[in-house]
Structures are given as C-alpha cells and as structure tokens.
Amino acid sequence: MPRNHLVNETSPYLLQHADNPVEWYPWGQEALQKARQENKPILLSIGYSACHWCHVMAHESFEDEESAALMNELFVNIKVDREERPDIDKIYQTAQFLLTQRAGGWPLTMFLTPDDHIPFFGGTYFPDRARHGLPAFKDLLQHIAKAYQDKPNEIAKQNQSLQGVLKNIYQSTHTPVSLDQSIHETAKDELLESFDNVHGGFGKAPKFPHPSNIEFLLRYWHSSKQQGKQDTQVLHTAVYTLERMTCGGLFDHVSGGFYRYSVDDYWMIPHFEKMLYDNGPLLDLYSLAYQSTKNNYFKTAAQETAQWIMRDMQSPQGGYYSSLDADSEGTEGKFYVWEQQQLESLLTEKEYAVVKLRFGIERGPNFEDKYHLHEFTSLEECAQELSLDLSECSKLWQQAREKLYSHRVTRVAPSRDEKILTSWNALMIKGMLTASRIFNNNDYFTSAQRALQFIHTDMYQHGRLFATYKDEKAHLNAYLDDYAFLLDAVIEYLQIHWHSLYMQFAIHLAETILTQFEDTDHGGFYFTANDHEPLIQRPKVTSDEATPSGNGIAASALLRLGYLLTEPRYINAAERTLEFASQQITNTPIAHASLLRCSEELNHPPITIIIRGHKNDMKQWQQICQQQCNPGTMIFSIPVDEENLPEGLQCKFSANGETQAYICQGTSCQAPIKHISQLSEALDSHSNSTD
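Along every chain, residues carry numbers that run from 1 in the direction the sequence is written. Predicted model: local features are reported for residues with pLDDT of at least 70 only, side-chain atom pairs are reported and counted for 80 or more only, and whole-chain, interface and lining totals are derived from all residues. Excluded from the side-chain calculation are hydrogens and water; included are all heavy atoms of the structure.

Q: I'm lost on the packing of helix 11 (residues 276–293) against helix 12 (residues 296–313) in this one. Help?
A: Two packed helices can be described by the angle between their axes and the distance between those axes. Axes, fitted as lines to C-alpha atoms, cover a helix only where it is in contact. Angles between the N-to-C directions of the axes lie from 0 to 180 degrees. Only DSSP runs of H or I reaching four residues or more are called helices, and only runs of E reaching two or more are called strands; each is numbered from the N terminus. Running from N to C, helix 11 and helix 12 point in directions that differ by 145 degrees, and their axes come no closer than 8 Å. Viewed along their axes, helix 11 and helix 12 form a crossing whose handedness is left-handed. Two secondary-structure elements touch here, helix 11 through Leu276, Asn279, Leu283, Tyr286, Ser287, Ala289, Tyr290 and Thr293 and helix 12 through Asn296, Phe298, Lys299, Ala301, Ala302, Thr305, Ala306, Trp308 and Ile309. Of the residues contributing to the contact of helix 11 with helix 12, the split by class is 11 nonpolar, 5 polar and 1 charged. We call a crossing left-handed when the near helix sits turned anticlockwise from the far one by less than a right angle, and right-handed when that turn is clockwise. For this analysis, residues touch if any pair of their heavy atoms sits within 4.5 Å. Residue type decides the class: Asp, Glu, Lys and Arg count as charged, Ala, Val, Leu, Ile, Met, Phe, Trp, Tyr, Cys and Pro as nonpolar, and the leftover types, Gly among them, as polar.

Right under this line is the structure:
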C-alpha cells in the first residue's frame, strides 16, 4: 500500500515515489498549511521521470527507511514534477543559483521556510554518503534542521534579501536599445567563436543540440544569400554541427530520435533519455536544413525521428507522450547498447561487414565494455572500401537496422512517461507539420492533426487551455509556453490545411496571451497567467533554455498572425516584448535566438502569400510558391467558399471563383495575381525587390 500522499497524482514521476517511506506531499495547500502549523521547514524535491540522477537519489535516500525517518521527523516533504509544474521549477532553479552561484539541475533539493516558502538552502543531488565534495544526505538533513532552529534571525535576513532579488530580477530598469542588424552580427560572431570546428557543436562537453541557435544560423545564411553575399562559414557551422550530431551517438541509429545530450566532445555517448521537447524542434530543424541543403543525412534524421515518434510516442488518443527513461533494469543505456557477439550473431556476414566498418566495431567498446553506435565511416566510404555499390551498401545497412530493431524490442524497455504536455506536444506538432510539408508526407500531417485535435478536444475546455493530461484527466492551468508554442503550431497547420475552426482557435490563443500573460506596463509576457496561484515570484523569462523562450515564440507567433490578419495589436505586443528584452538580448544575444528571429521579422517582414480559389487549382499554385520561396515565407491556401474569415482576410477574396494569389510583406499587399503563368515572375520580382 502507498505510504504517502502521492497516490492520486497523474504524474508518473510522482507516482514513482508513492511507495517511498518518505511522507511525500504534492505541492498544494495541505502540505503548505501543515508546514506552517507545525513550524517545520519544507524539503522541496523537484525532478522528472526520465531523470537518471533523480533515480539515483531516490534509490539511495528516499527508499531508505533511516533517511526517510529523518525527513519525516524534521521536514514537511513536497515532491514536484518539473514537467507539470515548470513555474515552480523556474522559480527555485533561479533561487538555487542565487544562493549557491552554481548552475542548477535535477534533482533539485531546496529547503524553504514554512511561512513564506523562501529557500534558505539548496542544491541538486546529494549522495547517501559523503563524496565528491558533497555531504551525506542524512548529515545534511540534521544540519539544516538545526540551522533552522538555531539561526532564525540570520535566515530571515537572508530570505528578505533573496525575496527582493527574486521580485526585481525580471523587471527591466534599462531604456530600450535599438535591435538592428548589428545584434544579429554579434550573435553570429559569438556562435562562430564558440564553434567546435573538429567535432561540431558549440563549446565543450556536455554538448546539447541547441536547435534555436542552429536555426538562427540557417536563417542568417538565407538572409545573406538573398542579399547576394552568401556567408558560407555560417552555413558550414550549421551544417557540420547537424551532420556530426546525426552521425554520432546523440542520434539513435536503430530506431530514430535524438537523446538529450552528449557527455563528451565527440557526440559519441549520450545521456540516454529521450525527450519530446528535444525531438520536436530537432525534427523541425532537420527538415528545414534538408530543404536548404538537400543533404541526405538530414532527410534520414528527420524521417527516422518522425517514424519513431509515430510508432513509440503517440498515444491512441492522438497526443504525444513526454519521454523515455535513460535507464532500464536499473542501468543507464542498457536498452540501446550492443555486444560484438550479438551483432555478429544477428547479422549476415555482409551486413555485419557494413556495421563493423560504419560504426567502428574493430576499435573496441566505447561504453562500459559495450558498443553504442557512433558513425566513424559514412555509407559512401563503406561502399567504396567494401567494393559495393552505394545502393547495395545502403540496402545492407537497412536490413541490418531492421534486424537490430527487431532484437532490441525484445529487451526490457525503458519506462515511458505517458503524460501529455501541451507545450511539448505543440513543439512536436510543428515539427511533424514542417516535415510533412517539406517531404510531402501525409502520414506526418495525419499524426500532427491527431495530436492537435486531441489538444483542442481534451485539453481545451470552456475556453481554458490545460497544461497536462493523463488518465483521462486534463488539469493545471496552461502556462505561457503552452499558449505560445501551440499558437505557433496552429499557424503552421493552417499553411498546410486551412480550417476556420483552427483559425478561430489561433485567435483565441493570441487573445489569451495578451489578456492573461502580457505585462502591459513594461512589455513582455509572464510565464503564468493573471489568475495563477500566488508564488514567491512571477517569472518572465526571455532567454532560450532547453526549450525555446516562451516570450520569443509568443512574440514571433503574434507578429506573424498580426501580419496575416493585419492586426496591429499583435504586432505592437511583439514590438513591446522586444523593447522590454532589448538590453538582455544585447548582453547575451546567443541566449535569445528566438527573440532575434522576431526582431529580424519585425525589421524585415517575411513574405506572406494568400491563395484563394478551388482546392484542386490551389494545389498547383501552392507548389510553385513552395519551390521558389525561402523557409521564412508563409503560404496559406484558403478555399473560395470558406466562410467566417477574420476581418483582415475578408478583403482577400477570389473574384468570380477563379484562383488568385495575394503577395504581401508585412501588412502591405500587391494587387492580386490572377493567372498562374504570372505567379513565378511575380515571386521573382518581389524577392529581388526585397534583397
């Protein structure tokens, strides 16, 4: 029987701890009131289900009777899933950094005073016995409890200071600065300076994918190309990084999808958890990269990632699951790695020859006496060295891959976190839609459509969006990221398939962002809505983190919707966001790639093409537009008989039912093009006029 208060939660992470001897509570009034009444400090533990070190600390301490007894005696213990409550996680990660001047992470372990919930001590993982310069967890518990009893004045003084910093940290005290092309040049130069020209990526291990920064480089290259001064170094930096990530062990060569990050400089050995929030933006990025370069590595990575998502990560109801654990059978990476004998026994001699050469099996094990697949030799080089045609070599690898996959699925699989998060689903929906459009794959569109329908039907109720869903229960009011990422995805959906229901949904999302999240005094958007529960801070984050900045995506999506509908309120909100964040962007431009994209599109509005006509006719017009336009162009095909259009689109009608196109930039549109023979010429002319 469960021994604590987590049994009725929907979070798989919280349910993992329902049988702990620790008297865990979820975050809520019951626990907070108990702490006040008993004058006990709160031990706040934040993690997530796929977190390796969360599991380690749980096994060492939270499942240990002696440790649990101390926790129960000295503290009120609250467990939080950072994926369900990113608001709480953002606040206490910031506080942890302010207290320790060290980067945070998971598990996050914070000790709060019971009356005001201000942390007076914190850290991340603490071991069961003293090592690596960290105290034993049981010793720490007793030390913290004693300090709380013996030093109330010192703690109160520290809390007052910390609370002041937390209150003011997101308030801009600077006069807005101009965000002209020079800030994009600075961001580009900083990325090139940190580029690892040997292994790809930026900086040293651990190496994260940073898709927002790579997309920034691709867009910068497109812009330079349009201006006739193509920056090949920028293109090389983006392309080489994407290639090394795909070839390396960050990519799952057997079943597709990307792991969270690489623990080394070489992209060889990953931290083996697979997160939806990584794979959505990476699917979008690799699809765009293929569109720009026609590099088959990128096509393979995108298509195999999409297949993995549809096969392993999409629920029967349509929504996408959150993550796969790094561990299986208590060992990190066990599900994914191979022994040489296994490879030899599973494959034919010819298949093994390709695998052996491509993945460097003769070099010896690279992960705890086993092999994690990391490409050392390309298929083209394998074919040449083995005296095979490239097509035959590729066929042998595909045969081998299918056999390895068939064997792998017989193993004990990592646990899957099956909660459905709106924000992460939106990132994957957009990735699937981009892949559908670029690879002309209807299966990807259908997958994205099912996920969007699920969110609209099951997670959007009575005009309110919810953040998480599991066990037929949608709950927790949605955050800025949920609204912003979903708005961005719906705009992408409307470019593939116009549906007035989703146009109205997009408008509602935009209006809610303005009414519930905007800081009307200073600009920008808070992470939580106006009616969210009071916490010790209301975050307003502008920088990209593991996911793109909610402020960046909100501003960009509002700007694009404003251009489409000629709605100045949306455009003005984007402009105010950039003004609020301008000093932060100037200080650390590469941390604000999402906002830089918005800045670029505000200064140089993208082309928007609106095609009106009959469905069969419009398809050919749309294909011409897609072939000639760059990735930033928006193309909407709206049937001639579509009703209930927003006011900004009603004037773009189809005369006499004939197909015609409107080419717009910002909120200004040219006269409609009425003959398909004129379309290519008009697109060329417009492109040249905006160089």
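Q: I keep staring at the state of the cysteines and nothing clicks. Help me out?
A: Defined simply, a disulfide is a covalent bond joining two cysteines at their sulfur atoms. The definition used for a disulfide is geometric: two cysteine sulfur atoms within 2.5 Å. Tallied over the full model, the rule gives 2 disulfides. Through a disulfide, Cys51 is tied to Cys54; the S-S separation comes to 2.4 Å. Disulfide Cys51-Cys54: the torsion about the S-S bond is 80 degrees, which places it as right-handed. Across the pair, exposure class does not vary: Cys51 and Cys54 are buried alike. Across the disulfide, Cys664 is cross-linked to Cys669 (sulfur-sulfur distance 2.0 Å). Handedness here is read from the sign of the S-S torsion; for Cys664 and Cys669, about 100 degrees, the answer is right-handed. Residue exposure (1.4 Å probe, protein chains only): buried if accessible area is under 20% of the type maximum, exposed if over 50%, otherwise partly exposed. By relative accessible area, Cys664 is classed as buried at 3%. Looking at Cys669, the relative accessible area reads 37%, which means it is partly exposed. For the protein chain, the bonded cysteines pair up as 1-2, 3-4 when numbered in the order they occur along the sequence. As a non-bridged cysteine, Cys247 has Cys382 as the owner of its nearest cysteine sulfur, 11 Å distant. In this structure Cys651 is not part of a disulfide, and its nearest cysteine sulfur, from Cys669, lies 7.2 Å away.

Q: Please clarify how the pattern of salt bridges should be interpreted in this entry.
A: A side chain of one charge can pair with a side chain of the opposite charge if their charged atoms are brought near each other. By definition, a salt bridge exists where a carboxyl oxygen of Asp or Glu is found within 4 Å of a side-chain nitrogen of Lys or Arg. Evaluated as defined, the whole model comprises 38 salt bridges. Of the charged contacts in the structure, one is a salt bridge between Glu38 and Lys34, with a shortest N-O distance of 2.7 Å. Of this pair, Glu38 and Lys34 both sit in helix 2 (residues 29–38), 4 residues apart, which is roughly one turn of that helix. With its nearest N and O atoms 3.2 Å apart, the salt bridge here joins Lys470 to Asp471. Under the relative-accessibility criterion, Lys470 is labelled buried at 15%. Taking the relative accessible area as the measure of exposure, Asp471 reaches 55% and is therefore exposed.

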